[in-house]
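What follows is the residue order along each chain.
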Amino acid sequence: MSKTIIIQGLVKQYAPVITPAVDRVSLRVSAGDLFFLLGPSGCGKTTLLRMIAGFIEPTAGTIRLADNADPHGRDVTHLPPNKRNTGMVFQSYALWPHMTVFDNVAFGLSVRKVPKDELKRRTTEALEMVQMGQYAQRKPNALSGGQQQRVALARALVIRPDVLLLDEPLSNLDAKLRVDLRAEIRRICKTSGITTVYVTHDQKEALSMADQVAIMQNGRVIQQGPPGVLYRAPASRFVAEFLGETSFLPGTLDRSGTALTVSTPAGTLTTTNPPPEGVAALLVSLRPEALRVIDDAATPARNTIAGTIEDSVYLGEIAQLTVKIGGGHTLRVAQLNPALTRPTPGTPVSLTIDPQDVVLIPA
């Protein structure tokens, strides 16, 4: 049965360092969710994952595993890893080179004294789930990096863990293989129904795979929610920049009219997004893909931005434009299906953006 992970006030302090590696983190990971811990190197995400696994002892706080039969949850804060029934997939695969693929996957069942027939059946099922059944008798050094990672995943799944923990499992693979395995790992995790916590610093992995994402900075969770909400409604400049490319402009809110407008170096922009409460200074975040190049003749009545082309990079399906606007500011624009001819620097251009894409964050 899938477990809900309840983390309350978790702290990890390494003496004599003053700043905690993990600082008062509280999270609730719903049963069956694919939950991502996302942040830059050194933000505390791997330390948090290893505390859930039991490899690191917390300085303070609690970790509980709950289900429908026990909503309050079992306190596992100080239990050793082998008493938690969690499966761990490491960045380095950690496969035994002298064992076959089958024996690597079956090892956890052997330790648990599972009967031979059941061991064989469950190991075969786990290998088939990750599409590695035909490689059961090979040694790990005869497999590609992607195949080894599938075996490591099967080894974690075969023990039927209450919680699956993945520590940057795709970081050692090439770019194309990472993309291929994203969908495969999500399929496996959702098919098995196991509550999964996945650590990464790769924004694309988190956005494309997660049910929920917690973004960490300096040991703390600074925003949590579904990927789309975090991308389109970041609560801070750090979150907006970390999740993708964006342009920032200083803004002054105007509440005098019926519409919510903000004055910026790009002109007055209408927005449907509420401003952050209790904040005097604002930044306006404009994503490159939300800005569109328009024909002056078809200029809409609002959210029109005049500028000149400063630079253009042709990438096939898109062109990345740098557009200079008033006050010495620039905007980055992603132009879909661009013309073959590169625009000349200094060429006047008109842009527009929908009100729902004008995002207000604290300065």
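Scroll up to find the structure this text is about.
Residues numbered from 1 in each chain as written. Predicted model: local features only at pLDDT ≥ 70, side-chain atom pairs only at ≥ 80, totals over all residues. Heavy atoms only, no water.

**Quick word on the packing of aromatic side chains**
Under the convention used in this document: The rule is short: rings of Phe, Tyr and Trp, with Trp giving its six-membered ring, pair when the centres are within 6.5 Å, and they are stacked under 30 degrees, edge-to-face over 60, tilted in between. Labels follow the DSSP assignment, with helices taken as runs of H or I lasting at least four residues and strands as runs of E lasting at least two, numbered in each case from the N terminus. For each residue, the accessible area found with a 1.4 Å probe, counting protein chains only, is set against the maximum for its type, and the residue is called buried under 20%, exposed over 50%, and partly exposed in between. Charge-over-ring contacts are defined here by two conditions on Lys NZ or Arg CZ: a distance within 6 Å of the ring centre and an angle within 35 degrees of the ring normal.
Applying the stated criterion across every chain, the model contains four aromatic pairs. For the ring pair Phe55 and Phe90, a centre distance of 6.2 Å and an interplane angle of 25° mean the geometry is stacked. Remark: Phe90 occurs in the loop between β6 (86-89) and α2 (101-111) and Phe55 occurs in the loop between α1 (45-53) and β4 (60-67); sequence separation between them is 35 residues. Judged by relative accessible area, Phe55 falls into the partly exposed class, the value being 40%. Residue classification places Phe90 among the partly exposed positions, given a relative accessible area of 22%. Relative to Phe242, the ring of Phe238 has its centre 5.6 Å away and its plane inclined at 15°; by these criteria the two rings are stacked. In this pair, Phe238 and Phe242 are both assigned in helix α8 (residues 237-242), four residues apart and thus about one turn of the helix distant. We note Lys12 situated over the ring of Tyr14; from NZ or CZ to the ring centre the distance is 5.0 Å. The ring of Tyr231 carries the charged tip of Arg287 above its face, separated from the ring centre by 4.0 Å.

**Re the sheet that holds strand β5 (residues 70-75)**
Each strand in a sheet pairs with its neighbour through backbone hydrogen bonds, running either in the same direction (parallel) or in the opposite one (antiparallel). We count it as follows: Only strands joined by at least two bridges in the DSSP assignment are considered to pair. Working convention: axes come from line fits to C-alpha atoms, limited for helices to the stretch in contact. Angles between N-to-C directions cover 0 to 180 degrees. Contacts: residue pairs with any heavy atoms within 4.5 Å of one another.
Pairing in this open sheet of four strands is antiparallel, and the strands run β2-β1-β4-β5 from one edge to the other. With one partner strand each, in any of the chains shown, β2 (22-29) and β5 form the two edges of the open sheet. This sheet shows a mean twist of 20° between the axes of neighbouring strands, independent of strand direction. Summarising the sheet, strand β1 (residues 4-12) and β2 pair through five bridges and their orientation is antiparallel. Bridging across to β2, Ile5 finds its partner in Val29. This element, α1, spans β1, β2 and β4 of the sheet and lies at about 120° to β1.

**A word on the pairing of strand β19 (residues 348-352)**
In terms of residue burial, β19 counts as a mostly covered element, since four of its five residues are buried. As judged from the three bridges shared by strand β15 (residues 292-294) and β19, these two strands associate in the antiparallel manner. Within the sheet, the bridge partner assigned to Ile294 lies in β19 and is Ser350. Bridge count between strand β16 (residues 304-314) and β19: five bridges; the pairing is antiparallel. Bridge pairing links Ala306 to Ser350 in β19.

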